[in-house]
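Below, each chain spelled out in residue letters.
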Amino acid sequence: MATAKKAAAKKTTASSTGPNADAVLNPLKGMAERLQKLDLTGSAGKVLDSSRKDLQALMQVNEKSYQGLQTMVQRQTEMIKSAIGEWQEAAKGMPGKDAKENLAKLDELGRASFQRAVDDIKELATLAAQSQKDAFEVVRERIQSNVDEVTKLLQRK
């Protein structure tokens, strides 16, 4: 009889700490059962479709970045060609003239070239910023779309 009382006492102690203590100590217990009960009808297709859209967005971002880089390189090439042409024209007009006059022209051309270089840097910075803005907009739209999809999935439950 004493053994039966001890067994009953153990049962009451175990049930008082019971499933709550077990759940606190082992939060993953029963996770497999809960996952099996989830209704995932069509979810795999939605996940694949979302992943496909993510990849498409990534390809668009890469394309926009590449186009922006091409535009910058083309513009830089035009700027360099223009500067070289100006310096060549100035050099052609210098032989046989007064040295002071040549130095004055070189000084003027140097100042103008410096100002043009500053303006060109501003233009290139603007091109780079626009390219980044366009690429980021694609990413922002895709992130918003993912948030909307998750919100819809959570509202169904």
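Above this text sits the structure in question.
Residues numbered from 1 in each chain as written. Predicted model: local features only at pLDDT ≥ 70, side-chain atom pairs only at ≥ 80, totals over all residues. Heavy atoms only, no water.

If you tally the helices and strands in the chain, you get 4 helices and 0 strands. Counting from the amino terminus, the chain carries its helices and strands in the arrangement α-α-α-α. Counting over 157 residues, the chain shows a buried share of 11%. If you take every contact in the chain between residues at least 6 apart in sequence, the share linking residues at least 24 apart comes to 76%. By element, 62% of the accessible surface of the chain is carried by carbon and sulfur atoms, the whole surface being about 12,800 Å². (Helix = DSSP H or I, 4+ residues; strand = E, 2+ residues; numbered from the N terminus. Buried < 20%, exposed > 50% of the residue type's maximum accessible area, 1.4 Å probe, protein only. Contact = heavy atoms within 4.5 Å. Areas by Shrake-Rupley, 256 points an atom, 1.4 Å probe, with all protein chains shown as cover.)

So, on to the side chain of S50. In this fold, S50 is placed in helix α3 (residues 43-92). Only 3.2 Å separates the side chain of S50 from the side chain of N146, close enough to count as a polar contact. Once residues within four sequence positions are removed from consideration, S50 is found in contact with R142, N146 and E149. (Polar contact = N/O pair within 3.5 Å; in protein donor to acceptor, adjacent residues only side chain to side chain.)

So, on to the side chain of R142. Relative to the helices and strands, R142 resides in helix α4 (residues 99-156). In contact with R142, other than residues within four places in its own chain, are S50, K53, D54, A57 and E149.

Glancing now at the pattern of salt bridges. Scanning the entire structure with this criterion turns up 9 salt bridges. The closest approach of N and O atoms between E86 and R116, which form a salt bridge, is 2.5 Å. Taken together, the residues E86 in helix α3 and R116 in helix α4 connect sequence positions 30 residues apart. Accessibility expressed as a relative area gives 32% for R116, which makes it partly exposed. Ionic contacts of the salt-bridge type, sharing partners, join the residues D49, R52 and K53 into one network. (Salt bridge = Lys/Arg side-chain N within 4 Å of Asp/Glu carboxyl O.)

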